[in-house]
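# Structural features, examined
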Amino acid sequence: MANLKIGVIGLPGKWSSEVLADAVAEKTGYRLLLDMAEVKLDTESKTLTYKNIDLTQLDALIVKKISAEYSPHVLDKLELLRVAENRGVRVFSRAENILRLIDRLSCTVTLCNHDIPMPPTQVTESIDEAIKIVEQYQEAVFKPLYSTKARGMFIAKASTAATELKRQITEFSASNPMMYIQKKIELPGQDLGMVFLGNEYLGCYARVSQNSAWNTTINSGGKYANYQADDELIALAHKAQAPFNMDFTTVDVAQTPDGPVVFEVSAFGGFRGAKEGIGINAANLYVDYVVEQVLQGKQV
């Protein structure tokens, strides 16, 4: 058992956060699951505290979940972790790396710059341009820049009456000024989650649609299943996640008639998909990896 103090940043009471904290406790004898909403930064003393625990005195922090929902406010929480990093605390994954994935547009730009195939996507603040994009795509998915599990997304159709289409887009634009518009592609009833730990591929699970929902997310009734990805698909996912330098992540991929496309690289990865779809205990593997990394750092 490693004599280390490793905290888990997550959501107390939520399965993946609790499982990770339990795995840390089992391997180190120390259990701390903390919610960033209760963390305080003091710039004078350069301390980051949670219920009187100085997080800058820990050996490491593992970020499982930074907030229940994504928003620009999440970026502020991640900035606080940079103070801990500056004081020598290892953060998995590093705050600046997570920052680049929380914002959907930031992730997309990085994937685009590395020539990763994605669904046709356009971004604009212009409602008139957005209408033209829908007419071009015929069906388009409008996605908030900060969201998970398809929350806040809607499908716009060129067949919709012009006045109604403009109303829908205007309503979306009110809370999402920078509109992220992606061509709706036909999925074969599933999409894939390809899991990586420390840049190494662990396996692939499928999210399989169980109803007529347009997306395969578990929130919409999808179910996890095992999937044997071929070498070409694994190479694509590996290339997609590499620029982000994440310690643990999942690459969301879909097979289309024109070849595979990448939807996004996850800021936190999916423990439940890995367990139910692949049959691996990602929490245990992740903690083993973190402990090894921290101990190696202490030996340097």
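These remarks concern the structure in this document. For clarity, every value in this text was computed on a predicted model and none was experimentally measured. (Residues numbered from 1 in each chain as written. Predicted model: local features only at pLDDT ≥ 70, side-chain atom pairs only at ≥ 80, totals over all residues. Heavy atoms only, no water.)

## Overview of the packing of helix H5 (residues 127-137) against helix H6 (residues 162-175)
Going by this rule: Each axis is a line fitted through C-alpha atoms, taken for helices only over the stretch in contact, and angles between the N-to-C directions span 0 to 180 degrees. A run of H or I in DSSP counts as a helix once it spans at least four residues, and a run of E counts as a strand once it spans at least two, with each numbered from the N terminus. If an angle is under 35 degrees, it is roughly parallel; if it is over 145, roughly antiparallel; if it lies from 65 to 115, roughly perpendicular; otherwise it is oblique. Two helices crossing with the near one rotated counterclockwise from the far one by less than a right angle form a left-handed crossing, whereas a clockwise rotation gives a right-handed crossing. By the convention used here, residues are in contact when the closest approach between their heavy atoms is within 4.5 Å.
Where H5 contacts H6, the axes come no closer than 10 Å and their chain directions differ by 125 degrees. Between H5 and H6, the angle falls in the class oblique. In this structure, H5 crosses over H6, and the sense of that crossing is right-handed. Where H5 approaches H6, its residues Ile127, Ala130, Ile131 and Val134 are matched on the opposing element by Leu165, Lys166, Ile169, Thr170 and Ser173.

## Some points on the pattern of salt bridges
Put simply, the test is: Salt bridge criterion: a side-chain nitrogen from Lys or Arg within 4 Å of a carboxyl oxygen from Asp or Glu. Between buried and exposed lies partly exposed: a residue is buried under 20% and exposed over 50% of the maximum accessible area for its type, with that area taken using a 1.4 Å probe on protein chains only.
Going through the model one piece at a time under the given rule, you end up with 15 salt bridges. The closest approach of N and O atoms between glutamate 264 and arginine 104, which form a salt bridge, is 3.3 Å. Taken together, the residues glutamate 264 in strand E16 (residues 259-265) and arginine 104 in helix H4 (residues 104-113) connect sequence positions 160 residues apart. Judged by relative accessible area, which is 25%, glutamate 264 ranks as partly exposed. The class of arginine 104 is buried, set by a relative accessible area of 9%. Here glutamate 129 and lysine 132 are joined by a salt bridge, their closest N and O atoms 3.7 Å apart. With glutamate 129 and lysine 132 both in helix H5 and three residues apart, this pair spans about one turn of that helix. When its relative accessible area of 37% is taken as the criterion, glutamate 129 is described as partly exposed. Overlapping salt bridges bring together Glu18, Asp22 and Arg31 as one network.

## Here's the deal with the environment of glutamate 264
Definition in use: Pairing of N or O atoms within 3.5 Å defines a polar contact, subject to two protein rules: one partner must be a possible hydrogen donor and the other a possible acceptor, and residues neighboring in sequence count only if both atoms are side-chain atoms.
A C-alpha to C-alpha distance of 8.4 Å links glutamate 264 and leucine 101, two positions 163 residues apart in sequence. Here glutamate 264 is in contact with Arg104, Cys107, Leu111, Thr250, Val251 and Asp252, once residues within four sequence places are set aside. Engagement of the side chain of glutamate 264 in a polar contact is seen with the side chain of arginine 104, the distance being 3.3 Å.

## Concerning unusual backbone geometry
Geometrically, the link from phenylalanine 92 to serine 93 is a cis peptide bond, its omega value of -10 degrees lying close to zero. Position of serine 93 among the secondary structure elements: in the loop between strand E7 (90-92) and helix H3 (95-102). Of note, asparagine 52 is a non-glycine position whose phi angle comes to about 70 degrees, a positive value. On the secondary structure map, asparagine 52 appears in the loop between strand E4 (47-50) and strand E5 (53-54). Residue asparagine 52 is classed as exposed on the basis of its relative accessible area of 80%. Even without being glycine, glutamine 138 reaches a positive phi, approximately 75 degrees. Mapping glutamine 138 onto the fold places it in the loop between H5 and strand E9 (139-143). A residue is classified by how much of its surface remains accessible, and glutamine 138, at 49% relative accessible area, is partly exposed.

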